[in-house]
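Chain by chain, the residues:
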Amino acid sequence: MRSIVIPPELKGRDFISTQDWTVEELETLFILAERLKRAKKAGERTPLLPDKTLYMIFFDASTRTRNSFETGITQLGGHGIYLSPDRMQISHGENAKDTANVLSRYGDGIAIRHCTYGEGNAYIRDVAEQAGIPVLSMQDDFYHPCQILADYMTIRERFADTRGLKIGVAWTSAPNYVRPISVPQSLVLMMPRFGLQVTLAYPPEFRLMPEIEEQARANAEAAGTEFRVTHTFEEAFEDADIVVPKSWGPLVHTRDAAEGLRLIEEYPGWRCDAEHIALGKEHLIYMHPLPADRGREVTDEVIDGPHSVVYDEAENRLHVQKALMALVM
Ligand code: CP
């Protein structure tokens, strides 16, 4: 294979929301991710970041994000350091400024997951303001940008032209904990920018932040496509090419966790099964960022069935994040 050339324009950039990057910049990232995926499949080494260090601060648990970032930086010839705030001086009150400045003197990138509602995005933006090296979001309370990059890469692999495809983003009932709203928010923001029509379905208490829905509408209008909201689960599936049924918390409606869990139990019928999948087009793909609450959010028949692309989606986290790190670090 020919050697990979990294365009220099994006070096040093932060990545906190896809909204901060132009469609052309995101396109550059996807082309590189596809190239890196082909290289990996061919057994070609891609040491694009030799001796570079990425600090990964996790305020919240992770399986996919941690392992895809850490594996990704290793495959690029660099090194990832897993950091847990309870083992850092953050636990004794060290602020974002001091953490950001110190890590910037040592390494080459800081990645953060902080999903506490009302805190996460503000903290990551604070670190980014202070850091002299790129800051990457590994998910916050508003956005999960790397997940949505992987989702769109997976869609591109299945459909030659993504313009005009219908994607249904539907809330599902999963009672074990109150999940962040960052995945649906990032989906409705980015997908219209690539020409997809988005139908967002949720019970009224599970609305997204009004400014995000407004921005999604503006993005759709600018791209000549559509963003619509419904309170009927089935509408997300009808005639859809792609569906992403997943749970999130009623965080815009209430911050009370007990009330949130009670509201989730109010809508047990919001669960994806084979009858819902049959409402979509024959080629419909079922997506979920994982972890999924099997049996409550989705039946095994669907998530393990022929429409499901959940493992491709999880794999693509590795490829898009390698592209991201190579571009900005
Ligand atoms: N989809 C996702 O972000 O998975 P993890 O929470 O396991 O990182």
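Residues numbered from 1 in each chain as written. Predicted model: local features only at pLDDT ≥ 70, side-chain atom pairs only at ≥ 80, totals over all residues. Heavy atoms only, no water.

Can you tell me about the site of the ligand, naming the residues and giving the values?
Near the ligand you find Ser62, Thr63, Arg64, Thr65, Arg113, His144, Gln147, Pro289, Leu290 and Arg317, and these make up its full shell. Here an oxygen atom of the ligand and a side-chain polar atom of Ser62 are 2.7 Å apart. Contacts to the ligand include Pro289, whose backbone N or O atom sits 3.0 Å from a nitrogen atom. Considered on its own, the ligand offers 260 Å² of accessible surface; in the complex 92% of this is hidden by protein. Counted by class, the shell around the ligand contains two nonpolar, five polar and three charged residues. Shared between two domains, the shell around the ligand holds at least three residues of each, these being domain 1 (8–144 + 316–328) and domain 2 (147–313). (Near = heavy atom within 4 Å. Polar contact = N/O pair within 3.5 Å; in protein donor to acceptor, adjacent residues only side chain to side chain. Areas by Shrake-Rupley, 256 points an atom, 1.4 Å probe, with all protein chains shown as cover. Nonpolar A, V, L, I, M, F, W, Y, C, P; charged D, E, K, R; others polar. Domains from an automatic or database assignment.)

Report on the pairing of strand β5 (residues 166–171), specifying residues and quantitative values.
Where burial is concerned, most of β5 is hidden: six out of the six residues are buried. As paired strands, β5 and strand β6 (residues 197–201) are joined by five bridges and run parallel to one another. The residue bridging Lys166 from the neighbouring strand is Gln197, located in β6. For the segment spanning β5, helix α6 (residues 182–190) and β6, crossover handedness is right-handed. When β5 meets strand β8 (residues 242–246), the two strands line up parallel, connected through five bridges. Each bridged residue has a counterpart across the sheet, and for Ile167 the counterpart in β8 is Ile242. (Buried < 20%, exposed > 50% of the residue type's maximum accessible area, 1.4 Å probe, protein only. Helix = DSSP H or I, 4+ residues; strand = E, 2+ residues; numbered from the N terminus. Pairing = 2+ DSSP bridges. Right-handed = clockwise from strand over helix to strand, strands pointing away.)

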